[in-house]
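Given next are the chains, with one letter for each unit.
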Amino acid sequence: MTRLSRCYDLADMREAARRHLPKGIFEFMDRGAERELAMAENMAAFERLKLRTKFLVDLRERDMGTELFGKRIALPLAIAPTGAAGLCWYQGELALAKAAAAAGVPFTLTANSITSIDTIAKEAGGRLWFQFYMWKEEDLSFQMIERAKDLGFEALFVTIDSALGRTREYNDRNGFTDPISLNPRFVMDMALHPRWVAGVIGRYVLNGGMPRHENYPEQYRRRITTAQSKGPSNSQSMTWEGIGRIRKAWPGPLVVKGILSADDARRAVDQGADGVVVSNHGGRALDSSIATIDMLPAVVKAVGDQATVLLDSGVRHGSDIMKAVALGAKAVLVGRATLYGIAAGGQEGAEKVLSLLATQFEKNMGYVGCRRVSELNHDIFAHPPVQP
Ligand SMILES: Cc1cc2nc3c(=O)[nH]c(=O)nc-3n(C[C@H](O)[C@H](O)[C@H](O)COP(=O)(O)O)c2cc1C
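On a predicted model such as this, the values are computed, not experimentally measured, just so you know.

Colleague: For the site of the ligand, give the residues involved together with the corresponding values.
Modeller: Every one of the 24 residues lining the ligand counts as a neighbour, but Pro 81, Thr 159, Asp 312, Gly 314 and Arg 316 are closest to it. Between the ligand and Thr 110 there is a distance of 3.0 Å, counted from an oxygen atom to a side-chain nitrogen or oxygen. Separating an oxygen atom of the ligand from a side-chain N or O atom of Asp 312 is a distance of 2.7 Å. Protein contact buries 97% of the 610 Å² of open area that the ligand shows by itself. Classifying every residue of the shell around the ligand by side-chain character gives seven nonpolar, 12 polar and five charged.

The structure is reproduced here in structure tokens:
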């Protein structure tokens, strides 16, 4: 039996990922910030929402697809941008992008990826979105936007919740640093995970050397183990006017990621954004943040039909996707779920995660008597959330 064939749900997939990765990398990918309150709350808030069943509906003709930015997707879901993918698996971003293409959902590449934007554009297939942060040296960010445009990326996501560094003490405890330092704790951690060393680091070394953040501007593009190889810093001075400038530089769909209030959602729309992601970065930023599913109805009300509302943070089951869509999200993004998949088994692992989520989504839709995504609304809840 292979590792993946023993993964029957996302909890198994997470456990397989935990076994495969060095502890420092697994915890960097899996954990939250500070006391990890937001991460737990994201999931608890989904779990608190109970459903009302509706039986004896003819369920033979079902369609789980929907439209996003004018094009069809097979499931109201896309893969979120995640910087650690290339450490979970050799060229992990490419594995995620190919899995997304196979499942008929979009993939979002982060500017912080290990695999280069050119490789993704050339080899991934499917619908590709690009996410970036405004760097302190803004001209470098605008050059990245041009690159994404030239390579034909469909939508641009700008993440606004990360101006300041985060507090994640477990990385220090694990000896997992940026740049990666070969301290005794991390060396021992790697020694205990020889399959990861051979399958991930070994393959990078055989194909040109230790991994780098391939999209970073030339002056920052060093091996991740090179001392002083820190990437560009995020801007701490950007304001909403910056979104307006990005709007002018990007002709396609522009999405602001990291919205946690109705006011900020409105400001994003006022600056010309086509979409917002209600997100607390998977509980990796502000630790006392509200759960995103609890914030969603107010954001949906604030933007009306002027923008596409997406949601992420805490999606671990198909029923979570359904709950978010019923409360007004057009789709969800998943971060850790598909990272567990690639860490457990590369593209095949991510495909299995997407397939598990799709099956759970379809089953739950049936229980609440819905055959199509357009039928989802507040009526599916046993106690519909109070309207904002
Ligand atoms: C390991 C890791 C790296 C991430 N890197 C980025 C990033 O580079 N840019 C970004 O906008 N969000 C990043 N995120 C946040 C995700 O895009 C997304 O908001 C979050 O993972 C959603 O929560 P979930 O993991 O519970 O699905 C990262 C998340 C994780 C777990």
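Colleague: Tell me about the pattern of salt bridges, and please be specific about residues and values.
Modeller: Summed over the entire model, instances satisfying the criterion amount to 22 salt bridges. In this structure, Glu 41 engages Arg 48 in a salt bridge whose closest nitrogen and oxygen atoms are separated by 2.7 Å. Glu 41 sits in the partly exposed class, given a relative accessible area of 27%. A single salt-bridge network, built from bridges that share partners, covers Glu 15, Arg 18 and Arg 19.

Colleague: Tell me about the nonpolar core, and please be specific about residues and values.
Modeller: Counting residues in hydrophobic clusters, the biggest one holds 109 residues, and the most contacted among them are Phe 130 and Leu 311. Looking at which element gives the most residues to this core, the answer is helix α15 (residues 336-367), with 13 residues. Beyond its immediate stretch of four places on either side in the chain, Phe 130 contacts Thr 108, Leu 109, Thr 110, Ala 111, Ile 117, Met 144, Ala 148, Phe 153, Ala 155, Leu 156 and Phe 157. By size, the runner-up hydrophobic cluster in this structure holds 12 residues, among which are Ala 78, Ala 80, Ala 155 and Val 255.

Colleague: Break down the confidence of the model for the protein chain for me, with residues and values.
Modeller: Averaged over every residue, the pLDDT of the protein chain is 96; the share at 70 or more is 99%. In the model of the protein chain, helix α8 (residues 169-174) stands out as the element of lowest mean pLDDT, 92, in contrast to strand β10 (residues 331-334), which has the highest, 99.

Colleague: Could you give me a rundown of a nonpolar patch on the surface, with the residues and numbers involved?
Modeller: Taken together, the side chains of Phe 55, Leu 56 and Tyr 367 define a hydrophobic patch exposed on the protein surface, amounting to about 430 Å² of accessible area. Its place among the elements puts Tyr 367 in helix α15. On the basis of relative accessible area, Tyr 367 is assigned to the partly exposed category, the value being 47%.

Colleague: Before we move on, can you summarise the pairing of strand β7 (residues 254-259) with the specific residues and values?
Modeller: Where burial is concerned, most of β7 is hidden: six out of the six residues are buried. Where strand β6 (residues 155-159) meets β7, four bridges bridge the pair, whose relative direction is parallel. Bridge pairing in β7 links Thr 159 to Lys 257. Where β7 meets strand β8 (residues 275-278), four bridges bridge the pair, whose relative direction is parallel. Paired with Ile 259 across the strands is Val 278, a residue of β8.

Thresholds applied
Residues numbered from 1 in each chain as written. Predicted model: local features only at pLDDT ≥ 70, side-chain atom pairs only at ≥ 80, totals over all residues. Heavy atoms only, no water. Near = heavy atom within 4 Å. Polar contact = N/O pair within 3.5 Å; in protein donor to acceptor, adjacent residues only side chain to side chain. Areas by Shrake-Rupley, 256 points an atom, 1.4 Å probe, with all protein chains shown as cover. Nonpolar A, V, L, I, M, F, W, Y, C, P; charged D, E, K, R; others polar. Salt bridge = Lys/Arg side-chain N within 4 Å of Asp/Glu carboxyl O. Buried < 20%, exposed > 50% of the residue type's maximum accessible area, 1.4 Å probe, protein only. Core = buried A, V, L, I, M, F, W, Y, C linked by side-chain atoms within 4.5 Å. Helix = DSSP H or I, 4+ residues; strand = E, 2+ residues; numbered from the N terminus. Contact = heavy atoms within 4.5 Å. pLDDT = per-residue confidence, 0-100. Patch = residues over 30% accessible without salt bridge, like charges linked within 9 Å, V, L, I, M, F, W, Y side chains within 5 Å. Pairing = 2+ DSSP bridges.

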